[in-house]
Every structure is written in structure tokens, then in C-alpha cells.
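The lines below spell out each chain.
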Amino acid sequence: MNANTIHFDNASEARETGAALETLIETIERDLGLQLIVRDLAIRIEGADEPAQRIAGFIEALREARSRTLLDTQSVNYAYDAFSRGDEQVFAKLASIRVDVSPRKSAVFPKTLGQQIYLDAMANHAITFGIGPAGTGKTYLAMAMAVAALLKDDISRIILARPAIEAGESLGFLPGDIQQKVSPYLRPLYDALHNMLPAETIENLIERGIIEVAPLAYMRGRTLNHAFIILDEAQNTTPQQMLMFLTRLGFDSKCAITGDPTQIDLPNRSTSGLIEARSILRNIQGMKFVELTERDVVRHPLVQKVIEAYQKKRSS
């Protein structure tokens, strides 16, 4: 039996790294047959030399990542899951993520580890759920992935959908054609799009049907092949609508579903399709649920404080 010891520079570094590892220690010990002893300014790893050295490398990478960004339990668990599948450089890979959306626009970079995990999930899963509060980049990053996929010819069209809950999904009484009827409800998606592509390019793509606005109520019966589909504000879908939407996915397509469970506007306390999906689909291979938190908010610093205050009120 051999031992590896990781020494920390100060008590704060030791405490924060130890806290990040806390929920994983039992799993690591069981998976690798090791014993991790956290004491004062060091972590001692006892066990066979090869797995001990590997997990020491993981902890050192975690320590380095922690110095650059806040790490929550989900982030660390995600990293360890990738590590256990053989990815020894997960933190470095996450830090290197960029999304090239246009030769005329700057690349999109994630600003938090949660956003890095979200982008990585969309790159590697057919269906990704981005769940979290306002300002965490759920919609913006999904749009960036869709635009990048279109420019690389990985897909042939982008489809934008959103439940028009304010109109009760009955859009017929509104003036204009279908695009004009639903446009107000898709404004956040359009805003993200205009940050990535020139206005004339967007207009051209919409005219050619390459970018399509598809009200959720109008998607029944369709099969969406070779597309990147974004469903925004998914907390306002009913379970029946969510099932209908998920079963639209065709060949060579990807789907990003975004929503904030604290902002449900459904009438009469109806069950949210997003909440139900998170409960019953979490363990299906090919899907990924990414939970973003107030730590991933990249708007004005006060937005994070507002979210924290409301969460504290709700939990009290």
C-alpha cells in the first residue's frame, strides 16, 4: 500500500477544496479502493499506487479550477463522472470550450463552470435540458450552439419554439401571419440570434425557412429531421405538450430545452411539463439535465443577489 499527499497553501484553500470533494469521498473510495483522509492542510490518499496517483491528479485539477471559478456539488460530480469514464483532463477541456458563431462576430465563451458543463452537454447529447434562473445564459448558449451547428452544416435548419402561455396557446385572434403572431413570445430568442448573426443574414435565413419560428401549439404531428430545436420557457409547458414536443425529434437532430421552475405561469397550478420531465427522464441515456444556479448568473451583479434573496424567502 502506498500513499500520496496533497498539501494546500492555506486553510481557506484546504477547506474549500475539501468541501467540494465532500460528497464524492465515499464514491471515490468505493470506486477505486482508496482511503482519503482530509486533515488540516493536506489530503492523504492511501491505496494502490496507480489509482492513488490518478485521483491525486484529479484533486490537483479540481484545486486549480477552484482557484479560477466557484465550484458547486453538481460541477464537481460532473467532472468526476467524466474522470471515471477515462477523461483525465476534464477541467482543462471545459475551460477550453468556445463556440464560433460567425466570421463577423466574436466567439461565444462560457463565463462559469456551470455554463461550460451546459455547452459540453449540448455538444454530446441529443437532448439537453438547461434548468435555472434568469441570467444564467440558458437561451443564449443554446442559440450559440444552434448557430454554430448551422454554419458547420451539422444541421440544415434551426427551429425556435416557445409556449405562448399569455395567449393561452390560442393565437388565432392576434393580427398578422403566424410569425407576427408568435414573434412577441420569441423575442428573447431573436435577441440572442441578433447578437450572433448580421440582421440581413437572419432575415434571409428566415425567408428561406432555414430559421423557423414554430409555436409549440403548431408542432403536433411534425417530425423534425436534421435540425437544432430550441424550446424556451419550458416550465410553461403541460406534461402533454412536453411529451408531444420531445417526440418531434427526428434523425440527425438536437434539442435544447430551457426553463426556470420558479417562473411557472400555468393556470390553476397545473403540473409543469418541465418538472415532470426532470423527474421521470433524468436517467435516460442520450439526455442530459444541467442545473444552473445563481452562481451562473452573468447579468448585473444585483441580479444574483435578487435571486439569492428570493430563494432564501421561498425556503424559509
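For the structure given in this document, a descriptive report is provided here.

How each quantity is defined
- Residues numbered from 1 in each chain as written.
- Predicted model: local features only at pLDDT ≥ 70, side-chain atom pairs only at ≥ 80, totals over all residues.
- Heavy atoms only, no water.
- Pairing = 2+ DSSP bridges.
- Helix = DSSP H or I, 4+ residues; strand = E, 2+ residues; numbered from the N terminus.
- Axes fitted to C-alpha atoms, helices over the stretch in contact; angles between N-to-C directions.
- Buried < 20%, exposed > 50% of the residue type's maximum accessible area, 1.4 Å probe, protein only.
- Core = buried A, V, L, I, M, F, W, Y, C linked by side-chain atoms within 4.5 Å.
- Contact = heavy atoms within 4.5 Å.
- Phe/Tyr/Trp six-rings, centres within 6.5 Å; stacked < 30°, edge-to-face > 60°.
- 1 Å grid on protein atoms, 1.4 Å probe; cavity = no way out; pocket = protein on both sides within 12 Å on 5 of 7 lines; lining within 4 Å.
- Points joined across faces, edges and corners; volume = space filled by probe spheres on them.
- Nonpolar A, V, L, I, M, F, W, Y, C, P; charged D, E, K, R; others polar.

## Some words on the sheet that holds strand β7 (residues 227-231)
Moving on, step 1. Read across the sheet, six strands follow the order β6-β5-β7-β8-β4-β9 without closing on themselves; strand pairing throughout is parallel. The open sheet has two free edges, formed respectively by β6 (211-213) and β9 (287-291), since each of these has just one partner strand. Taken pair by pair, the neighbouring strands of this sheet meet at an average axis angle of 15 degrees, ignoring direction.
Moving on, step 2. Strand direction decides the pairing type here: strand β4 (residues 127-131) and strand β8 (residues 254-259), joined by five bridges, are parallel. Across the sheet, residue Phe-129 finds its bridge partner in β8, namely Ile-257.

## Overview of unusual backbone geometry
Moving on, step 1. Positioned with a positive phi, Glu-233 is a non-glycine residue whose angle comes to about 55 degrees.
Moving on, step 2. On the basis of relative accessibility, which here comes to 25%, the residue Glu-233 falls in the partly exposed class.
Moving on, step 3. Its identity as a non-glycine residue notwithstanding, Asp-252 has a phi of 55 degrees, on the positive side.
Moving on, step 4. Turning to its location among the elements, Asp-252 is positioned in the loop between α11 (239-246) and β8.

## Description of the nonpolar core
Moving on, step 1. In this structure, Ile-45, Phe-58, Met-122, Met-143 and Phe-228 are the most contacted members of the largest nonpolar core, which totals 67 residues.
Moving on, step 2. When residues in this core are grouped by element, the largest group, 10 residues, is from helix α7 (residues 138-151).
Moving on, step 3. Setting aside residues up to four positions removed in sequence, Phe-228 forms contacts with Met-122, Ala-142, Met-145, Ala-146, Ala-149, Ile-155, Arg-157, Ile-158, Ile-159, Lys-254 and Ala-256.
Moving on, step 4. Membership of the second largest hydrophobic core comes to 24 residues, among which are Leu-224, Leu-231, Ala-234 and Leu-246.

## Overview of the packing of aromatic side chains
Moving on, step 1. Under the definition given, this model contains four aromatic pairs.
Moving on, step 2. Plain terms: the ring middles of Phe-58 and Tyr-80 are 5.8 Å apart, the flat faces sit at 75 degrees to each other, and that makes the pair edge-to-face. Taken together, the residues Phe-58 in helix α3 (residues 49-68) and Tyr-80 in helix α4 (residues 73-84) connect sequence positions 22 residues apart.
Moving on, step 3. Phe-58 sits in the buried class, given a relative accessible area of 3%.
Moving on, step 4. Measuring from ring centre to ring centre gives 5.9 Å for Tyr-80 and Phe-83, while their planes differ by 35 degrees; the resulting arrangement is tilted. Of this pair, Tyr-80 and Phe-83 are both found in helix α4, three residues apart, which corresponds to roughly one turn of the helix.

## Considering the environment of Met-287
Moving on, step 1. When you line up the elements, Met-287 lands in strand β9.
Moving on, step 2. A relative accessible area of 15% means that Met-287 is categorised as buried.
Moving on, step 3. Along the chain, Met-287 and Asn-124 lie 163 residues apart, while their C-alpha atoms are 9.2 Å from each other.
Moving on, step 4. With sequence-adjacent residues up to four places away left out, Met-287 is seen in contact with His-125, Ile-127, Phe-129 and Leu-281.

## Details of the layout of surface pockets
Moving on, step 1. Of the pockets and cavities examined, the second largest pocket occupies roughly 330 Å³.
Moving on, step 2. Lining the second largest pocket we find 17 residues, and of these Ala-123, Met-145, Ala-148, Lys-152 and Asp-154 sit closest to its centre.
Moving on, step 3. Going through the elements one at a time, α6 (113-124) and α7 are the ones with two or more residues in the lining of the second largest pocket.
Moving on, step 4. The element contributing the most residues to the lining of the second largest pocket is α6, with four residues.
Moving on, step 5. Counted by class, the lining of the second largest pocket contains 10 nonpolar, no polar and seven charged residues.

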